[in-house]
Amino acid sequence: MKHLLSTQDLSARNALRLLDVAEEMAAVGEREIKKLPALRGRTVVNLFFEDSTRTRISFEAAAKRLSADVINFAAKGSSVSKGESLKDTAQTLEAMSADAVVIRHPASGAPARLAASGWIDAAVVNAGDGTHEHPTQALLDAFTLRRHWAQLGGSPSAGSTLAGMKVLIVGDVLHSRVARSNVWLLTTLGAEVLLAGPPTLLPVGVASWPCTVYYNLDDALAQRPDAVMMLRLQAERMNAAFFPSTREYSRRWGFDDGRLALLDTMGLDDTVIMHPGPMNRGLEISSAAADSPRSTVLAQVRNGVSVRMATLYLLLSGDQHDEPDDDLQDLQPATTPEGRTP
Amino acid sequence: MTVPASESGIHKRVVLAEADIDRALTRIAHEILEANKGSRDLVLLGIPRRGFPLARRLAQKIAAVDESVDPDLITGQLDVTMYRDDLRRNPTRSPLATQLPPSGIDDKVVVLVDDVLYSGRTIRAALDALADLGRPRIVRLAVLVDRGHRELPIRADHVGKNLPTSSRERVRVHLAEIDLIGGSAVNEVVIEDRL
């Protein structure tokens, strides 16, 4: 892998490898000395054109735990507000010899543009672009789900897939890059994905996605999902009348106390509730649901660092010049140095 | 013992057979006990992948001599991938699990176990990895084969067999726990040389 731009073109093999490496990175997070020298002397730039707390902090912690140098760049207070283009910003970073650029941008496709344009030689990691994709969020969700699923099955999570798991994604799919990345990745890993949301908040063409769509949350819950992922209602992107009122949205599409109790009455003791954060408590998720033992919200944040460490490690270690085509090379086992047993 | 050259043009020579490996490990187990004056504070850490099964075998041999030892409680695995100095020069390696015995490694006598000692760079990485995990009282090194060609000032305390080799040759260790050759589990050390 040279870049991580989307989960749509991520092979099952590469996705599993990343999750397995993340499993080892998680073990490092539990040690007293939470640092590895693997990326010593490499520079990671966090290029954030959109507000973010957890993703930026998570990437920063991941890079620092791998001993990389981190430069944080926020569009506010930079020359971008003076009208600098993405190309000029990229070339500035190239001149400072950045090894990896973690980019969040309001325009869908900006990371792909950065990776394909030749403006910059660094590895590009998509940390959320417009309404397109947010691959590391999907990877950390898959990591969280895989640990839960493996624990239920009584097997180690390393090497396992999500085969047989039913995951329900609820809410504003239209504006959600998290939902898109999750649909592709979870399907690749063998899970069955269900979507539920008001028709106005489901994108055109959703019928061609590899998932089943429900227009009623309670019908979807009747399918007995193993995990329910609530999406954030993106108030900053609500530029049209998608639903009459937030109260109506909350009643029809929110994971409220009644639906939390419903999981118990249905006997779904092992169903977890996920949320990518930041949560609108009382809107798409009730406080009781967010703080219940079913909630994986904090585990997701914790796993985010491990998954991002794995991403940076896999993109930055190794001799990239020997890997002209990632997928072809990645499928072969790592060659061992002359004379050494693997 | 010489095996005829295979059709791929690689000359293979078995230098240690199953019984030789077993004898060498028995001797190393006794040497470890002797050097440590018993089994007190002993921890055996295998370096993946073949160091780990070797560490387990050594622990079982130590337990056979000293009944107070539970082999599962003194063995562990130490992954050194993230500490290697050649990460940027080779295709990306996936790290493997590091598992320490429940007693930890602080103030213990840690014996690092690996299959082949060559340049010494793996052991250098292992020493760095160890320092991030705790502070052992003593660190020793046990290897099944020492093939020479050291690039760092590192030597083994316990050696199964010293093998003078040419750097062109490859030393391969096959252990039944990991290696299946032609469908059967094999224990052997082979030197391969391209003709």
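Along each chain, residue indices are assigned from 1 in the same order as the chain's sequence is written. Think of it this way: whatever chain is written first is A, whatever ligand is written first is 1, and the rest follow in order. The predicted origin of the model limits local features to residues at a pLDDT of at least 70 and limits the giving and counting of side-chain atom pairs to 80 or more, whereas totals for whole chains, interfaces and linings rest on all residues.

Looking at helix α6 (residues 177–188) of chain A
All names here are of chain A. Runs of E in the DSSP output that reach at least two residues are strands. Runs of H or I that reach at least four are helices, and both are numbered from the N terminus. Here a helix's expected span is defined as the number of its residues, less one, multiplied by 1.5 Å. The terminal C-alpha atoms of α6 lie 17 Å apart, and with twelve residues this matches the ideal 16 Å at 1.5 Å per residue to within 8%. Buried residues dominate α6, accounting for eleven of its twelve residues. Residues with at least 20 neighbouring C-beta atoms inside 10 Å of their own are called buried, those with 12 or fewer are called exposed, and the rest are partly exposed, where every C-beta is derived from the backbone. Residues R177, V178, A179, R180, S181, N182, V183, W184, L185, L186 and T188 constitute the buried set of α6. Those residues of α6 hidden inside the fold are in contact with α1 (12–29), β4 (123–129), α5 (135–153), β5 (166–170), β6 (192–196) and β8 (227–230). A positive phi of about 100° marks G190, the residue just after α6. By the convention adopted here, residues are in contact when the distance between their C-beta atoms, placed from the backbone, does not exceed 7 Å.

Concerning the sheet that holds strand β4 (residues 75–77) of chain B
Residue and element names in this part refer to chain B. Pairing between strands requires that DSSP locate at least two bridges from one strand to the other. Overall, parallel pairing links the five strands, which are arranged β4-β3-β5-β6-β7 in an open sheet. Two strands lie at the open edges of the sheet, namely β4 and β7 (158–162), each paired on one side alone. Taken over all neighbouring pairs, the strand axes of this sheet differ in orientation by 25° on average, direction set aside. Pairing between strand β3 (residues 42–46) and β4: three bridges, direction parallel. Following the sheet pairing, G46 is matched in β4 by Q77. Comment: axis = line fitted to C-alpha atoms, over the contacting stretch for helices; angle = value between 0 and 180 degrees taken between N-to-C directions. Here helix α2 (residues 51–65) sits on the sheet in contact with β3, β4, β5 (109–117) and β6 (138–146), set at roughly 150° to β3. Lying on the sheet, helix α4 (residues 121–133) is in contact with β5 and β6; it crosses β5 at an angle near 155°.

A word on the confidence of the model for chain B
On average, residues of chain B score 92 in pLDDT, and 95% of them are at 70 or above. Reported confidence for the predicted complex is 0.86 by ipTM and 0.90 by pTM. Residue-level confidence of the predictor is what pLDDT reports, using numbers from 0 through 100.

Quick word on the environment of S78 of chain A
Tracing the chain through its elements places S78 of chain A in the loop between β2 (69–74) and α3 (86–95). Taking the C-alpha atoms as reference, S78 of chain A lies 44 Å from W149 of chain A; in sequence the two are 71 residues apart.

Quick notes on unusual backbone geometry
Glycine aside, a negative phi is what most residues show, and trans is what most peptide bonds show. Between G277 of chain A and the following residue, P278 of chain A, the backbone shows a cis peptide bond with an omega angle of -10°. Positionally, P278 of chain A belongs in the loop between β9 (272–274) and α10 (287–290). Look at the link from P48 of chain B to R49 of chain B: it is a cis peptide, with omega at -5°. Mapped onto the elements of the fold, R49 of chain B is located in the loop between β3 and α2. For S97 of chain A, which is not a glycine, the phi torsion comes out positive at approximately 50°. Within the secondary structure, S97 of chain A sits in the loop between α3 and β3 (100–105). With a phi angle near 55°, K37 of chain B is a residue other than glycine that sits in the positive phi range.

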